[in-house]
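So the chains spell out like this:
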Amino acid sequence: MAVRRPRSGAAALPGPAARSSRRPCRLYGGRAGAAVGRAALLLSLLVAAAAGRAGVSAAGGPEVHSLRGSWRLGNRNGSVVLRGEVPGCVHTALHRRGLIQDPYYRFNDAMYRWISLDNWTYSRTFKTPFDVRKWQKVNLVFEGVDTVAQILINNITLGRTDNMFNRYSFDITSVIKEVNFVEVRFLSAVSYAAEQSRCHKAYSIPPACPPPVQKGECHANFIRKEQCSFSWDWGPSFPTQGIWKDVRIEAYNHYHLIYFSLTSFFVKSAQQWSLEVESIFDVVGSKPIAGLVTVNIPKLQTQQTFSVKLQPGEGSIVLLVNINKSSAVEAWWPNGHGKQTGYNMTTTFIMEAGYQIEKFSKAYFRTVELFQEPIPGSPGLSFYFRINGRPIFLKGSNWIPADSFQDRVTYDKLWLLLKSAADANMNALRVWGGGVYEQDEFYDICDEIGIMIWQDFMFACALYPSDQNYLESVRAEVSHQVRRLKSHPSIVLWSGNNENEAAIASNWFSIPYADREVYIKDYVILYVKNIREIVLTEDKSRPFIASSPTNGLESVKEGWLSQNPYDTHYGDTHFYDYSNDCWNWTVYPKTRFASEYGFQSWPSFSTIEKVSSTEDWSYTSNFSLHRQHHENGNDQMLQQIGHHFKLPQSIDPVKKFKDMIYLTQVMQAQCMKTETEFYRFSQSEIINGEGHTMGALYWQLNDIWQAPSWASLEYGGKWKLLHYFAQNFFAPLLPVAYEDKGVLYIYGVSDLHADHKLTLRVIVHVWSSLEPVCTLAKDGVTVKAQSAVPIYKESINDLLERCRNCTRKSCVITFCLVGEGGLQSPTNHHFLSSLKDAVGLEKTQLSASISQRDDIYIFVLQTTAIAPFVSLDVGSIKGRFSDNGFLMTEKKKVVVFYPWEPTSVEELEKSLTLTSLVDVV
């Protein structure tokens, strides 16, 4: 996601460079000779003895001591001293101790700039919980330091950190005592980035600063830190400082396991699954260590033992495990296409020196291929994913960090957001390149619920340096992240950056033509010669693209930078257009893959209320302007609403503000419905050389704070109307209508794996009556598996004539697909005119009765007239409805409320607001 302009379209952890001389030993089961048979017997005895013990078993295993908890925290001149939690950051520590208000309240992002501009130090003492003399090696390990810091123990400098995305391990064997004093002295990320930029004297690396509307900090591209923490067009500037992940002491003898990963492959020639099991060890001392490794997957009757030899220093062993052919392997499938089966696997290391390691993990089996091939009747190449050999249309959105302060992103918060994506029929999310590589739990949840991840590397909307220090830091970052994440079946693609190919191609930063070459060279060095090289070395199980949007293989052919990365005939596109009427489907690109597109809306009043005060509750208040970080964003929403709806005129200012919020959400939902349905119905056709669209990932899923944005889930997880619409427009079976030259077309869109014979029901209502004026049932309609086919065609004039008393302004069309065995699509709608011109729309009496059934609540709605965009809102009661924002064409409708926390009928009745379009005055 760009800062959107309207457009046509490490120190202590050596990176791969240090290890390139040592080749991993690749081992295959059954090749180790007769010794394996004898060893297996010994092994089975040892494994039996150690069964049931997690992690490391048997005596002599490593000592691991966490330093999580309360640390002393102080600023540069000692005027502010407090306790701070680790993992954590300065802002949340200050807030917890009551020294600052909620950083998200009103204008506090600007008021609290001083926090990021100061230098803070975390320190603590700890007693060594073991006898130091017993251990050959003791490390101080930081899983994540945000960002620039000097690390000291007992006043001895161990090293420095400069990359938030790196893991840092410092050897403290010779300096650890019985009682120790650890210090992490941070330098302001803002000052550091400015200094790095100043030192880069040869040529400037744009952009220097974000647009003023973002109220952000400068030179984010000069620091390996969450790029949007310096501000974005949907988020505040909070360049945090802190120890944001685990920190611990690790003591060990002989050898220590640092990384452990599994990737699955299907060997077509043998028709057999295999697993590549990679273990990266640190071997202490100067001699190699030999031993045996046994991999056991009981459910697949697969057990293999390997002889291994670990070389001194850091190195990897790769084992190839062939899955027993007589076992039926259940593959991992995306949401909506099958199960997410995983198999329990135990890997046991028994070495001649030292202790036994027992590693428990889940093995998943799935293949992913990115197809880019010629298409008959179309120039260019296709761009689509095959999972386990099956082409899959990717339906979903883009993920941004769930909070400015990562220590507030709990497992429950992640589960709620990701489950909401799956509940809206999504099967994919793109982890966008201006945020963070997400925590392990994020990917665990995606594995569990079938959400495919398009994983960007953390570079976005900027050009970046390519000097040696910077590249070394990036190399360590990339190799760490790929090793950490590659076991997850949910990750289906690595992507080098967000929009940086487009930034150079479209010359966002006004670089004189004569100077382009130096930036192109930097681009290729960073994303191709470094990031891509490491990814291909570390992970051969999934595809890599250099950027998004990109022309894929065509970009590669053009030297990794295509002339027009937005070309609809290749790769993926990002598309934003706020000036044209969003109901007009002809403005959208008939692209191979839509990986970003969107419209803004405001979050609900209950979400805004928590961070504002009474004088802020107006669309034109200082607060409303301050919260909008996208140039002219509030006006663009008004303009888009104005195409089809009347603007609110209430004399009550709060009512007017609430009406505006409601209308922005209605507008956003209807715009996104039109655009997404266009991408879905384009999947099986080529028109004028364009089409075969195989993905729709809208911008954006979630919010980082309470503000107007492109999100469908508000900060806190509440569903906007867009998210309810997404549940329908991403449904596995959906009829989609559009008009072309006065003719109505309906397509049957299906993600189902089989063809279905269905009935298409088309119902026409006049706005002034709940009784349909005419109904058409077309039987025997074939909707083909995983495709979009035209199933109905009629000129609007014929339709209006057939349904007497109808005009474009007085009538509305609804339609659905019904099959056998309860198979049914959502009911879709098609407007024949703007709703501001609709004739016969009447003020309606909407009412709801609420009852409880087990853990859910039943809302029975009644209306006296047709009600467009009926919204149920229960304020800040956490939960979601089964449907919302719908067109109500029947007297009665039942909607279910799924609470996320305990509530009651009384609370829901008290909090409920029912709104439809006719309530906006």
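Thresholds applied
Residues numbered from 1 in each chain as written. Predicted model: local features only at pLDDT ≥ 70, side-chain atom pairs only at ≥ 80, totals over all residues. Heavy atoms only, no water. Helix = DSSP H or I, 4+ residues; strand = E, 2+ residues; numbered from the N terminus. Rg over C-alpha atoms; globule rule 2.2 N^0.38 Å. Buried < 20%, exposed > 50% of the residue type's maximum accessible area, 1.4 Å probe, protein only. Areas by Shrake-Rupley, 256 points an atom, 1.4 Å probe, with all protein chains shown as cover. Lys, Arg positive; Asp, Glu negative; His and termini not counted. Charge placed at Lys NZ, Arg CZ, Asp CG, Glu CD. Pairing = 2+ DSSP bridges. Axes fitted to C-alpha atoms, helices over the stretch in contact; angles between N-to-C directions. Contact = heavy atoms within 4.5 Å. pLDDT = per-residue confidence, 0-100. Salt bridge = Lys/Arg side-chain N within 4 Å of Asp/Glu carboxyl O. Patch = residues over 30% accessible without salt bridge, like charges linked within 9 Å, V, L, I, M, F, W, Y side chains within 5 Å. Core = buried A, V, L, I, M, F, W, Y, C linked by side-chain atoms within 4.5 Å.

## A short note on the overall build of the protein
The helix and strand tally for the protein stands at 19 helices and 50 strands. Rg of the C-alpha trace for the protein: 29 Å, near the compact-globule value of 29 Å for 921 residues, within the 12% margin. For the protein, the spread of C-alpha atoms along the principal axes amounts to about 95 × 70 × 65 Å. Across the 921 residues that make up the protein, the buried fraction comes to 63%. Total accessible area on the protein stands at roughly 34,400 Å², and carbon and sulfur atoms take up 51% of it. Within the protein, one finds 92 positive and 91 negative side-chain charges whose respective centroids are separated by 4 Å.

## Examining the sheet that holds strand β43 (residues 828-831)
Two orientations exist for strands paired in a sheet by backbone hydrogen bonds: parallel and antiparallel. Pairing within the open sheet is antiparallel, and its four strands lie in the order β40-β39-β42-β43. Each edge of the open sheet carries a strand with a single partner, namely β40 (772-783) and β43. For this sheet the average axis-to-axis angle between neighbouring strands, irrespective of direction, equals 20 degrees. Direction of pairing for strand β39 (residues 756-766) relative to β40: antiparallel, over a ladder of nine bridges. Considered in β40, the bridge of L760 is made with K778.

## Quick word on the sheet that holds strand β41 (residues 787-795)
Strand order in the open sheet formed by three strands is β37-β38-β41, and the pairing between neighbours is antiparallel. Two strands bound the open sheet, and with one partner strand each, they are β37 (733-740) and β41. The average angle at which neighbouring strand axes cross in this sheet is 25 degrees, direction not considered. Here β37 pairs with strand β38 (residues 743-750) via eight bridges, running antiparallel. Paired with A737 across the strands is I746, a residue of β38. Each of β37, β38 and β41 touches helix α16 (residues 653-681); the most contacted strand, β37, lies at about 100 degrees to it.

## What about the confidence of the model for the protein?
In this model, the protein carries a mean pLDDT of 93, and residues with pLDDT of at least 70 account for 94%. When the elements of the protein are averaged for pLDDT, helix α1 (residues 16-19) gives the smallest value, 30, and strand β29 (residues 452-456) the largest, 99. Considering only residues more than four positions removed or in separate chains, one finds that residues 3-58, a stretch of pLDDT under 50, has 102 contacts.

## Quick look at the pattern of salt bridges
Think of it this way: side chains of opposite charge can pair up when their charged atoms draw near. In the structure shown here, the tally under the stated rule is 40 salt bridges. Ionic pairing is found between D456 and R430, a salt bridge with its closest N-O pair at 2.9 Å. A residue pair is termed long-range when its members are at least 10 positions apart, and D456 in strand β29 and R430 in strand β28 (residues 428-431) qualify at 26 residues. Classification of R430 as buried rests on a relative accessible area of 0%. Residue K843 is joined to D919 by a salt bridge in which the shortest nitrogen-to-oxygen separation is 3.0 Å. Residue K843 is found in the loop between β43 and β44 (847-853), and its partner D919 is found in the segment after β50 (913-915); the two are separated by 76 residues along the sequence. A relative accessible area of 17% means that D919 is categorised as buried. A cluster of three or more residues bridged by salt bridges with shared partners is formed by R68, E143, R167, D246, R248 and E250.

## As for a negative patch on the surface
A cluster of acidic residues, E901, E906, E907 and E909, forms a negative patch on the protein surface. Inspection of the secondary structure assignment puts E907 in helix α19 (residues 905-911). The exposure class of E907 is partly exposed, given its relative accessible area of 39%.

## Brief notes about the nonpolar core
If you look at the biggest cluster of nonpolar residues, it comprises 162 residues, and the most contacted ones within it are W399, F457, I531 and F859. The biggest single contributor to this core is α16, with 13 residues. If we skip the residues at most four places from it in the chain, F859 touches S849, I850, L872, V874, F881, K893, V894, V895, F897, L908 and L912. If you look at the next biggest cluster of nonpolar residues, it comprises 51 residues, including V283, V284, W333 and A353.

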